[in-house]
Every structure is written in C-alpha cells, then in structure tokens.
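# Understanding the architecture of this molecule
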Amino acid sequence: MPPSIPDKMKAAALDQFGGPEVLGIKTVSVPTCGDDELLVRVEAAGIGAWDFMEREGQMAGFVEGGPRFPYVPGTDGAGEVVAVGKAVQDFKEGDRVYGTAFNSAKGGFYAQYTVVKARQAARIPKGLKIEQAAALAADGITALQGLEDHLQLKAGQRLIIFGASGGVGHLALQFAKRLGAKVLAVASGEDGVELARRLGADAVVEGRQGDVDKACREFAPNGLDAALVLASGDTCEAALKHLRKEGRIAHPNGVMPPPKGPEGVKLITYDGNAHPEVLQRLNNLVEAGPFHLEIGRIYAMEEAAKAQQEVLKHHLGKFAMRIN
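A short tour of the structure in this document, coming up.

Quick notes on the rules
Residues numbered from 1 in each chain as written. Predicted model: local features only at pLDDT ≥ 70, side-chain atom pairs only at ≥ 80, totals over all residues. Heavy atoms only, no water. Buried < 20%, exposed > 50% of the residue type's maximum accessible area, 1.4 Å probe, protein only. Helix = DSSP H or I, 4+ residues; strand = E, 2+ residues; numbered from the N terminus. Pairing = 2+ DSSP bridges. Expected span 1.5 Å × (residues − 1). Arc of directions from axis to C-beta. Contact = heavy atoms within 4.5 Å.

### Observations regarding the pairing of strand 12 (residues 243-252)
Of all 10 residues in strand 12, seven are buried; the element is thus mostly enclosed. Here four bridges tie strand 11 (residues 224-229) to strand 12, and the two strands are oriented parallel to one another. Bridge assignment links A226 to a residue of strand 12, and that residue is R248. Here strand 12 runs beside strand 13 (residues 266-270); their pairing, made up of five bridges, is parallel. Across the sheet, residue H251 finds its bridge partner in strand 13, namely T269.

### A look at the pairing of strand 3 (residues 37-47)
Across the 11 residues of strand 3, 10 count as buried, placing the element largely inside the fold. Alignment of strand 3 against strand 4 (residues 76-84), held across seven bridges, turns out to be antiparallel. In the sheet register, A44 faces strand 4, and the bridge partner there is A78. Pairing of strand 3 with strand 15 (residues 318-322) involves four bridges; the strand directions are antiparallel. Across the sheet, the residue bridging to A44 is R322, located in strand 15.

### Some remarks on helix 8 (residues 276-287)
Residues three or four positions apart in an α-helix share a direction because the helix packs 3.6 residues into each turn. In this model, helix 8 (12 residues) spans 16 Å end to end at C-alpha, consistent with the 16 Å of a helix rising 1.5 Å per residue. By the burial criterion, the buried members of helix 8 are V278, L279, L282, N283, L285 and V286. Seen from one end, helix 8 has its buried residues packed into an arc of 165°, which puts them on one side. Those residues of helix 8 that are buried lie in contact with strand 5 (96-100), strand 7 (121-123), helix 3 (137-150) and helix 4 (167-178). The first or second residue beyond helix 8 is G289, which carries a positive phi of 45°.

Rendered as structure tokens:
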C-alpha cells in the first residue's frame, strides 16, 4: 500500500449480529482494492431505513462467501478515490465519487475507507454537498428504476407516490416531474406535505389525517396511470383502487405489508440495482437542476447506533453520517 493509505482504520462495526448495542467504534483493517474496484476514503455515509436489518443479520445470506466479523455495515456513501484497480479505466485517484457497496464481503460505508465496485460508483454530480451525495445512490437508483424501468412512466401520465417525503419518495417526486408526469404526493406529517409542495408535486395529501380517497378522485377523475408505493397500509390499499385498468403499481422489496392492486392492474416488485447506465441517468437528472436532496439529520460516526434507531421514526428525506 502507498504510505498515504494506512493499514488500519476506524469503523462503526459489529462483532456479532444483534440490537443497536452491538454497533460501536472499532479499529479494523483497511480493505484491499480488487482489479475491478475503487478504494475510497469515505467522507460521509448514508443511513438507510433498512440498516437495522443488516445489523440484525437479516441480510447475511446475501453476502458473498458469508459475513465476516468485525462486520462494517453501510449501503451507500461518498468520498475520494485513493486507489484504482488495474482493470478500471473510468476513474483515477483524486476523483470524488459516490456509490453503493450493498452487502459487500469487504464491508460498507460506516468506515474511514471502503471498497466499491467501479461499476457501482459515479462521480459526484455538480451542485451536491458531500452528505447529499453520500445519501444518493441507493435511494436515487430505487426511485429512478421504479419510475423508468418498471412503471415506464411517460410525460402527461398521472402518478401517485406513497411515502413522498421519505428518502426514495422525495427523489422520485422530482424525477417524475422531470419525466413530465403529473404527481399526487402522499406525504407524512405537515412537514412532509410542505416538502412535497416545495419539490413541485401537482397535488399533496397527508397520508394519515388527510382524505386520500378524495384527493385521488380530484387528481385523476379518469383513474391513475401508475403508483409508486414506498409506504403501505390501509389508506394505500383504498387509494390503489383508483388505478385505471392496465395501470401499474411498483414497490421496492421490503415495503410491508406489500400492496395489493385491483384486478387488471399490473403489480411489480423490484430491487434497485446499481450499474453505470442508471448512475449516468441519475447524474443527468440531478445536474439538469434545480434538484434538492433533503438531509433530515447528520450524525457523527460514534452515533451510528442512534442513527439506525432514529431513522425508523418520522423524518424527512434521508439521514447521513460524517466519517472523515
């Protein structure tokens, strides 16, 4: 290793799967950079609402070769490239990148250094602060693929987004408007309603207290074309009845309970998958501006366990963690 890259680093890591108490600051080895990978000095990490599942071991089966301890979680983040694998052509040392290392055998972004596959990283788009870039990859990809690849949203179509003030939802709202759709945002809390309005939703309703049924009738008297479901429940089920025949409903894996659509409506369950083309599309949409990534709160690495608990409560946008 070059002298600028240490052998050891600090990480918020765990020695066994379990509750928040297993996550603490540990000294671990800096991961080695493979031929198709980048070694990144991490400046900030995203906090996912699913991170507790990783900490509890619910995702251990997805880790290639099985999990190794100390285990470093953290799906996405951003920082500076400090080493480049010999098969990588599109990046160089010094590039500032964001990306995803979901269930990586070499560890995630809750650390001073992490390794990412070059195909799962991209240069930070212009106009984003480092904490915003750190929180972009997983949620941004999930939002964009839901709209473009699965719902195949077209200009002029009428879309309802459930969970429009959350991490994926507030990005999906902006991308849907860029794609020319009309958007009914179902948001959480008065602060969520205000955020959805500010981001350009054509109509907004509060998901728990508001009259979602009435909002659907007024917004799409001839029926909704599509729904992106990021938060489910009884209100959601009632609103989905307003989809027209041949309408489409998409939701990422992990939305509970999974939504059910009326007869004749296509229901799509999907995962967000990082690859160069979707990251380029994401960057193009972000840089087309104006674009806002809402960071609800920023934590220190020492607060990782607290962040994983608080991200499960009401908040806007995405949480981030400062690393270096």
